[in-house]
Amino acid sequence: MKQTSHQFAANVARALAEPTLKIALDRTTTLLRTRRAKVIDEFAEYAQARDTAEKIKDHTLDNLGHYLRQFEENALASGARVYWAETPADARKIVTDICKSENAKTATRVKSMLGEEIGIAEALTDAGVERIETDLAEHIIQLAGDPPSHIVMPAMHKTQEQVAELFAQKHKEPSTEQDVTSLVGSARRELRSKFMNADISISGANFLIAETGSFVTVTNEGNAELTTTPPNTHIVTVGIEKMVPSLKHAAVFLRLLSRAAIGTEITQYTTFFNGPKRAGDRDGPENLHIVLVDNHRSDMLSDFLRPMLRCIRCGACMNHCPVYAAVGGHAYGAVYPGPMGSVLTPAMTGMKGTKDLPNACTLNGRCKEVCPVNIPLPDMLRSLRARQFEQDMPSGMSKWGLRAWAMLATRPALYRLGTAASNMALRMMARGRGKITSVPLAGGWTRTRDLPQPEAGTFMQQYKNGRR
Amino acid sequence: MSRDALLAKIDRANAGRGSDDVKAAADALIAEPDRYRVTFQAMPLFDRFVAKATSETVTATVESLDGLAHLPAAVSAYMAAKDLGKRLALQPRASLTSLDWTGFETVDTAHMNEPLALTFADAAIAETGSLVFQTAADAPVLLNFLPLHHLAVVRRSSILPHMEDVFDHFGTGATDQTRSLNIITGTSGTADIEAKNVRGAHGPRFMHIYCIAD
């Protein structure tokens, strides 16, 4: 996808003006938050599980070189081929070369954000291969020509009504009914023969297991297994941070991932893959290619962004982010939206052109609270802002504003006078109605909401009066 | 950058961080699994498995049978109740093929729109109500994914408490693994349209589990 993070403000304006987007986001994020809260409440050992997961990831990252070598050795022994890609372009070239050497015409794909990150669609176009997305949400956005707007539910920006309209136009045998069950049935009919007849399958992986050379996929639809079993060749593209030491370590994360992502105890399908088809096996690919992708992950290892490499891509941070809920995923203009994306996008694509992302955050802290591996997202976003300031990136206006604030904040008497005056002014503007519908110079803020009337007296005035 | 250069860069970034005994350090982190996983000591494994497998989120149905010999009659009853005809995709595994399937039209591979398949699960997980399938010459993958109705057989004695127990049972080393290990928890579902849960996305819409007493 074409990154548009540099025009974040314009993206946001467009998103806020889109009436159905707010409906789609509200319907989905509300359900996801409710389901997650319930299933976490029922998991009495959750705090300990989260702590264990954090420690396992930190241990794995501390010994990443060891585990990558161990994984490679075991994967090779299982009959897989292993490739190393420093950049998205390297990864695309590896995929393109495999497709060409197999003379592939069609490729079925299992949703993977890493695939989006390296531009797998572009790689397949270059190789002259027809790409068939099999995950329902990816199928929807492929038909609509949209980029993904969420890392777990890429079609979150679409309402049921919009999907019904899309399928009616694009499917060979669309359903006459518009309920969700009928829509899912229509996609099932459309994709069935494509699963069976593709030349190549391409997936990502949720985990790499060093001790066995296995990789793991989780889905609810069962499309990973249906996609990767019939074709002769299976290509896996995966980030090097997906490593865990052993099968039992993976179990710790499998308990957390599905709970955090969609509010269930486990996904319907969890599959551990170990090499290509064995002698005597009746199905499975003859060739298995595993592409290990860096794309700045090794840079993040020696940076304050290191804890971000714990991320297991559950999407809970975006489901609980008030900014995401208001503007949706497309506004971020990058593969990874929401809080985790606002950290990853600058790390992977540079500080330039992404400077609005770390600032599109209220620092309310919900993202860290719900993160199943305890990533300090607000701290990292704050550190990215500091780095922007060091690199002299903020605009003249915001630097002027910060300097003005610093001048006030270091002069207590002046500061108190200023806050007392603005408190009085705001109370006058409220005219006793308890709310303020417009404020000079803040028309943009009050267009979609009211400002509450402040209490009588500033904090310092109340404090002095002993009304603590 | 080559493999070696990337690994060297990673090693440099991690200088001074690595564990002396990596395996011991990794094992120590998961030494007390009951502290971080769901526990249900008070509940018998079978009861927990059934409760989870038949829950609202897993949506399987469970039937207990006294022995494998009762399987053909039970499958026949299921097919009659659902009006599924006589065709049965049967996993080519001796414990199943040796039963008396007179009256069925059995096949050993599933076609694209297979209505029904019967397969043997190698284990089950009580914690989550999941079934575990290892691939083998007589256990292909697609029989568990293509049919609309997935009928699965599992011995009551192979219900294990947790996923970790499955790994212990089959082996945790590289050479212990078959091509794939599928942990299947109920029916194929999706929540990709407005997070509304719907069944039968690409895989089976129905799962019926026969628990065999042994």
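Within each chain, residues carry numbers counting from 1 in the order of the written sequence. Key to labels: chains lettered from A, ligands numbered from 1, both in the order written. Local features in a predicted model are, by the rule used here, given only for residues with pLDDT of at least 70; side-chain atom pairs are given and counted only at 80 or more, and totals for whole chains, interfaces and linings are based on all residues.

## What to know about the overall build of chain A
Turning to step 1, where the next piece is worked out: A run of H or I in DSSP counts as a helix once it spans at least four residues, and a run of E counts as a strand once it spans at least two, with each numbered from the N terminus. Broken down by element type, chain A carries 22 helices and 12 strands.
Turning to step 2, where the next piece is worked out: Relative to the globule expectation of 23 Å for 468 residues, the C-alpha radius of gyration of chain A, 25 Å, shows essentially globular dimensions.
Turning to step 3, where the next piece is worked out: If one aligns the C-alpha atoms of chain A with their principal axes, the spans along those axes are about 85 × 55 × 45 Å.
Turning to step 4, where the next piece is worked out: Expressed as a percentage of its 468 residues, the buried residues of chain A come to 52%.
Turning to step 5, where the next piece is worked out: Here the contacts in chain A between residues at least 6 apart in sequence split such that 74% fall between residues at least 24 apart. Our radius of gyration is a C-alpha quantity, and the globule rule it is checked against amounts to 2.2 Å times the number of residues to the power 0.38. Think of it as a crowd count around each C-beta: if 20 or more other C-beta atoms lie within 10 Å the residue is buried, if 12 or fewer it is exposed, and in between it is partly exposed, with C-beta placed from the backbone throughout. Contacts are defined on C-beta atoms placed from the backbone: any two residues whose C-beta positions lie within 7 Å are in contact.

## Thoughts on the sheet that holds strand β5 (residues 207–209) of chain A
Turning to step 1, where the next piece is worked out: A pair of strands counts as paired when DSSP detects no fewer than two bridges linking them. One open sheet accounts for 8 strands, arranged β8(A)-β5(A)-β6(A)-β9(A)-β9(B)-β6(B)-β5(B)-β8(B); its pairing is mixed. This sheet does not close on itself; its edge strands, each paired only once, are β8 (243–244) of chain A together with β8 (159–160) of chain B.
Turning to step 2, where the next piece is worked out: Bridging between strand β9 (residues 269–273) of chain A and strand β9 (residues 180–184) of chain B involves 5 bridges; their strand directions are antiparallel. Looking at β9(B), one finds that A:F272 is bridged to B:L181.
Turning to step 3, where the next piece is worked out: In this analysis, axes come from line fits to C-alpha atoms, helices being fitted only over the stretch in contact, and the angle between any two N-to-C directions falls in the range 0 to 180 degrees. Sitting on the sheet, helix α6 (residues 163–170) of chain B touches β5 (123–125), β6 (130–134) and β8 of chain B, and the angle it makes with β5(B) is about 155°.

## So, the domain arrangement of chain A
Turning to step 1, where the next piece is worked out: Taken domain by domain, chain A consists of domain 1 (21–298) and domain 2 (408–464).
Turning to step 2, where the next piece is worked out: For every domain, the bounds stem from an assignment made automatically or drawn from a database. Between the C-alpha centres of domain 1 of chain A and domain 2 of chain A there is a distance of 50 Å.

## Topic: the interface of chain A and chain B
Turning to step 1, where the next piece is worked out: Contacts between chain A and chain B engage 84 residues on the former and 63 residues on the latter.
Turning to step 2, where the next piece is worked out: The element best represented in the side of chain A that touches chain B is helix α10 (residues 180–197) of chain A, accounting for 9 residues.

## What to know about the confidence of the model for chain B
Turning to step 1, where the next piece is worked out: The predictor attaches a confidence to each residue, and that confidence, scored 0 to 100, is pLDDT. Residues of chain B with pLDDT of at least 70 account for 100%, and the chain-wide mean is 96.
Turning to step 2, where the next piece is worked out: At the level of chain-chain contacts, confidence expressed as ipTM amounts to 0.98, with global pTM at 0.93.

## Comments concerning the sheet that holds strand β2 (residues 87–90) of chain B
Residues and elements named next belong to chain B.
Turning to step 1, where the next piece is worked out: Ordered in space as β1-β12-β7-β4-β2-β3, the 6 strands form an open sheet in which the pairing is parallel. In this open sheet, the two edge strands, each paired with only one partner strand, are β1 (61–65) and β3 (105–107). With strand direction ignored, the average angle separating the axes of adjacent strands in the sheet is 25°.
Turning to step 2, where the next piece is worked out: Pairing of β2 with strand β4 (residues 116–120) involves 2 bridges; the strand directions are parallel.

## Structural notes on α6(B)
Turning to step 1, where the next piece is worked out: When α6(B) is considered as a whole, its buried residues turn out to be B:M163, B:E164, B:V166 and B:F167. When α6(B) is viewed along its axis, its buried side chains cluster within an angular range of 155° and face the same direction.
Turning to step 2, where the next piece is worked out: Packing partners of the buried residues in α6(B) comprise α12 (247–262) of chain A together with β5, β6 and β8 of chain B.
Turning to step 3, where the next piece is worked out: One or two positions beyond α6(B), positive phi appears at B:G171, with a value near 110°. Directions drawn from the helix axis to the C-beta atoms are what define this arc.

## Focus on helix α8 (residues 136–144) of chain A
Turning to step 1, where the next piece is worked out: Where α8(A) is concerned, the buried positions are A:L136, A:A137, A:E138, A:H139, A:I140 and A:I141.
Turning to step 2, where the next piece is worked out: The inward-facing, buried residues of α8(A) abut β3 (130–133), α9 (160–170) and α10 of chain A together with β10 (189–190) of chain B.

## Some points on unusual backbone geometry
Turning to step 1, where the next piece is worked out: Of note in the backbone geometry, A:L363 takes a positive phi value of approximately 55° without being a glycine.
Turning to step 2, where the next piece is worked out: Phi angles above zero are rare outside glycine, and B:T59 is one such case at about 65°.
Turning to step 3, where the next piece is worked out: Mapped onto the elements of the fold, B:T59 is located in the loop between α3 (45–53) and β1.

## Digging into the pairing of β9(B)
Both faces of the sheet carry side chains from a regular strand, because those side chains alternate between them.
Residues and elements named next belong to chain B.
Turning to step 1, where the next piece is worked out: Counting buried positions along β9 gives 5 out of 5 residues, so the element sits mostly inside the fold.
Turning to step 2, where the next piece is worked out: Taking every second residue as pointing to the same face, both faces of β9 are buried, with S180, N182 and I184 on one and L181 and I183 on the other.
Turning to step 3, where the next piece is worked out: Looking at chain direction, β6 and β9 are connected through 4 bridges and run antiparallel. Paired with L131 across the two strands is I184, which belongs to β9.

## As for the packing of helix α16 (residues 338–349) of chain A against helix α18 (residues 377–390) of chain A
Residue and element names in this part refer to chain A.
Turning to step 1, where the next piece is worked out: Here α16 crosses α18 at 40°, and the two axes come no closer than 10 Å. Relative to α18, the element α16 is oriented oblique. Pair α16 / α18 crosses with left-handed handedness. Across from P339, M340, S342, V343 and P346 in α16, the residues of α18 making contact are L377, M380, L381 and L384.
Turning to step 2, where the next piece is worked out: Taken together, the residues that form the contact of α16 with α18 break down as 8 nonpolar, 1 polar and no charged. Oblique is the label for any angle not under 35 degrees, not over 145, and not in the 65 to 115 range, which are roughly parallel, roughly antiparallel and roughly perpendicular in turn. Crossing chirality is assigned from the near helix's rotation relative to the far helix, an anticlockwise turn below a right angle marking it left-handed and a clockwise turn marking it right-handed. Polar here means any residue outside two lists: the nonpolar Ala, Val, Leu, Ile, Met, Phe, Trp, Tyr, Cys and Pro, and the charged Asp, Glu, Lys and Arg; Gly therefore counts as polar.

## Details of the environment of A:I240
Residues and elements named next belong to chain A.
Turning to step 1, where the next piece is worked out: Tracing the backbone shows I240 in the loop between β7 (233–239) and β8.
Turning to step 2, where the next piece is worked out: Taking the C-beta count within 10 Å as the criterion, I240 has 24 such neighbours and is therefore assigned buried.
Turning to step 3, where the next piece is worked out: I240 sits 138 residues away from E102 along the chain, and the two C-alpha atoms are 26 Å apart.
Turning to step 4, where the next piece is worked out: Residue contacts for I240: discarding those within four places in its chain leaves L64, L68, L292, V293, D294 and R297.

## A look at the environment of A:P358
Turning to step 1, where the next piece is worked out: When you line up the elements, A:P358 lands in the loop between α16 and α17 (366–370).
Turning to step 2, where the next piece is worked out: Residue A:P358 is classed as buried on the basis of its C-beta count, with 22 C-beta atoms lying within 10 Å.

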